[in-house]
Amino acid sequence: MSWKDQLRDASFKGVPIKWISLEGENGRRVAGHEFPQRDKPWVEDMGRATRPYHFMAVCCGDDWLQQLNTLLTVLEEPGAGELVHPLFGRVKVYAKPARWSLNLDDGGRVDIPLEFIENGDLLFPVPLASTAAPLQSASDDMLSSAQTMAEQALAALDLSRAVVADVVSAMMSAIKGVSNAVGAVLDYFDSWQSLVNTVLTLPETAVGKVLSILESVDRAFDRYGDLTRWGINQSRAMRVLRARSKALSKRSNGTVSTKVAGVLVGLMAAGVAANTLQAVATLPTSRPADSGNLPVAADVASLRQDLSGSLWAMADGAEYEQAAYLLVVQRAAVAHLNQVEAIGLQMQTITPPAVMPALVLAYRAQGDAALADELLSRNNIVHPLFVPVRALQVTYD
């Protein structure tokens with residue numbers, strides 16, 4: 001194998017770089033101090049010098065214009081990115097402004113001198129206000145308010161006129177399609193009939209138990225990416241339960257049974273919301289030691305949109321006090337997810353050169369074979385040993 005064969009393919013933020021020459025600088029930052037009546041200076045060592053990486057890049061071939069546009073676009077993107085250097089491998093860098101030139105005599109070749117500088121860590125990190133604690137506190141307040149509202153709504157009804165079978169039928173119709181979100185309640189009471197009987201005989205005890213069950217459902221996630229996708233599904237379940245609760249409670253020809261079912265379904269919506277918000281509060285707002293285990297920024301943005309919309313929908317038509325708590329928790333959730341998104345992983349599109357196992361592709365493209373499962377699920381790939389040759393969405397830091 002010749003020395004040229006050992007060079008890595010260069011790229012910046014996943015965009016290939018065709019180059020014809022490389023340059024760099026290494027050394028120490030020194031400051032020379034000269035004094036009167038002294039023949040020799042005093043040299044002060046100021047630390048290692050910043051490492052710049054210079055490329056003479058070219059865009060050539062039939063698609064030279066597309067290459068140029070792609071490279072210029074990635075150079076203008078904000079933030080640091082990963083540079084794959086032919087000699088030194090992966091380096092976190094910032095791109096400096098680049099001047100490109102096109103010479104007609106060269107037959108469609110564009111020369112671009114590129115310069116990157118290494119990205120250093122903050123010596124004095126900027127403190128950020130905690131957003132998880134306010135979110136957890138707002139969620140607790142919202143849940144307490146929901147419990148009070150449900151107890152008052154049941155106290156205003158003549159529960160002796162409710163028919164267990166009718167309540168169960170209305171409630172089962174309301175949770176159709178989102179029953180997984182409230183399955184823990186059924187696991188505890190064994191049957192919906194048992195739950196309704198408890199509600200009709202001991203309403204305050206049943207209300208507190210339902211909320212306690214749903215809020216404390218243990219959700220274990222191997223990766224933060226799994227949590228964000230679960231949160232999106234939970235947000236949609238919250239919205240469905242709230243909409244069907246309002247439909248039952250405000251039915252013009254509704255009976256006591258349908259109104260009881262409406263209160264229970266609304267109570268489940270609040271419990272699912274509290275459990276979702278407590279899980280969302282565990283998402284990191286600063287980079288953990290395992291920087292590969294971070295949520296994807298695009299997924300966090302989708303979660304923020306769905307969760308915010310669901311909380312707005314739950315506040316719409318609610319009692320004033322309950323609506324106020326829901327809007328407070330909505331603002332707290334948005335503030336927290338804004339900080340989570342800021343440290344999230346970015347997305348890029350790649351096409352593997354050949355059919356290969358997901359573990360191999362995840363290691364080559366993302367530097368972490370543990371991301372293979374995320375790659376498979378995101379791209380709907382059935383077999384982990386045969387990743388097809390097509391455009392795939394993968395994450396990068």
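Keep in mind that what you see is a predicted model, and the values were worked out from it rather than measured. Numbering of residues starts from 1 in each chain and follows the order in which that chain's sequence is written. For a predicted model such as this one, the threshold for reporting local features is a pLDDT of at least 70, and the threshold for listing and counting side-chain atom pairs is 80 or more; totals across whole chains, interfaces and linings nevertheless cover every residue. Side-chain figures throughout are based on the complete set of non-hydrogen atoms in the structure, without hydrogens or water.

(A) Here's a closer look at the layout of surface pockets. Looking at the second largest pocket, its volume works out to about 790 Å³. If you list the elements that add at least two residues to the lining of the second largest pocket, you get strand S7 (81-85), strand S8 (89-95), strand S11 (346-350) and helix H11 (358-366). When residues in the lining of the second largest pocket are grouped by element, the largest group, four residues, is from H11. For the lining of the second largest pocket, the residue count by class is eleven nonpolar, six polar and six charged. Buriedness for pockets is judged along seven lines, at least five of which must meet protein on both sides within 12 Å for an open set on the 1 Å grid over protein atoms alone, while cavities are sets there where a 1.4 Å probe fits but cannot get out, and lining residues have an atom within 4 Å of a point. Grid points are joined across faces, edges and corners, and a volume is the space filled by probe spheres set on the points. Only DSSP runs of H or I covering at least 4 residues are called helices, and only runs of E covering at least 2 are called strands; the numbering of each starts at the N terminus. Polar here means any residue outside two lists: the nonpolar Ala, Val, Leu, Ile, Met, Phe, Trp, Tyr, Cys and Pro, and the charged Asp, Glu, Lys and Arg; Gly therefore counts as polar.

(B) Seen up close, the pattern of salt bridges. The salt bridge criterion pairs a side-chain nitrogen of Lys or Arg with a carboxyl oxygen of Asp or Glu, the two atoms within 4 Å. Scanning the entire structure with this criterion turns up eleven salt bridges. Between Arg-48 and Glu-118 there is a salt bridge; the shortest N-O distance is 2.9 Å. One end of the pair, Arg-48, is in strand S5 (residues 42-48); the other, Glu-118, is in strand S10 (residues 109-118), with 70 residues separating them in the sequence. Exposure remark for Arg-48: the relative accessible area of 37% places this residue in the partly exposed category. Here Asp-306 and Arg-236 are joined by a salt bridge, their closest N and O atoms 3.0 Å apart. Pair noted here: Asp-306 is in helix H9 (residues 297-315) and Arg-236 is in helix H7 (residues 224-249), with a separation of 70 residues, a long-range link. Classification of Asp-306 by relative accessible area gives buried; the value is 16%. Each residue is assigned to one of three classes by its accessible area relative to the maximum for its type, calculated with a 1.4 Å probe on protein chains only: buried under 20%, partly exposed between the two thresholds, exposed over 50%.

(C) Examining empty space enclosed by the protein more closely. Scanning the entire structure with this criterion turns up one cavity of 30 Å³ or more. Quantified by volume, the largest cavity comes out at close to 80 Å³. As for the largest cavity, its lining consists of 15 residues, of which Arg-223, Gly-225, Leu-294, Val-296 and Glu-374 are closest to the centre. Elements with a minimum of two residues in the lining of the largest cavity: H7 and helix H12 (372-378). With four residues, the single largest contributor to the lining of the largest cavity is H7. By residue class, the composition of the lining of the largest cavity is six nonpolar, four polar and five charged.

(D) Structural detail: the confidence of the model for the chain. Scored between 0 and 100, pLDDT is the confidence that the predictor attaches to each residue. Averaged over all residues, the pLDDT of the chain equals 86, while 93% of them reach at least 70. Within the chain, strand S12 (residues 392-396) has the poorest average pLDDT of any element, 75, and helix H8 (residues 256-280) the best, 92.

(E) Fine view of the nonpolar core. The set of buried Ala, Val, Leu, Ile, Met, Phe, Trp, Tyr and Cys residues whose side-chain atoms join them within 4.5 Å is what this entry labels a nonpolar core. Counting 71 residues, the largest nonpolar core has Met-171, Trp-192, Leu-195, Leu-241, Val-260, Met-268 and Leu-307 as its most contacted members. Looking at which element gives the most residues to this core, the answer is H8, with 16 residues. Once you skip the residues sitting within four places of it in the chain, Val-260 turns out to touch Leu-154, Leu-157, Leu-159, Ala-162, Val-167, Val-199 and Leu-200. Within the second largest apolar cluster, 19 residues are counted, among which are Ala-57, Val-74, Val-93 and Leu-114. Only heavy atoms matter for contacts: two residues are in contact if any of them lie within 4.5 Å across the pair.

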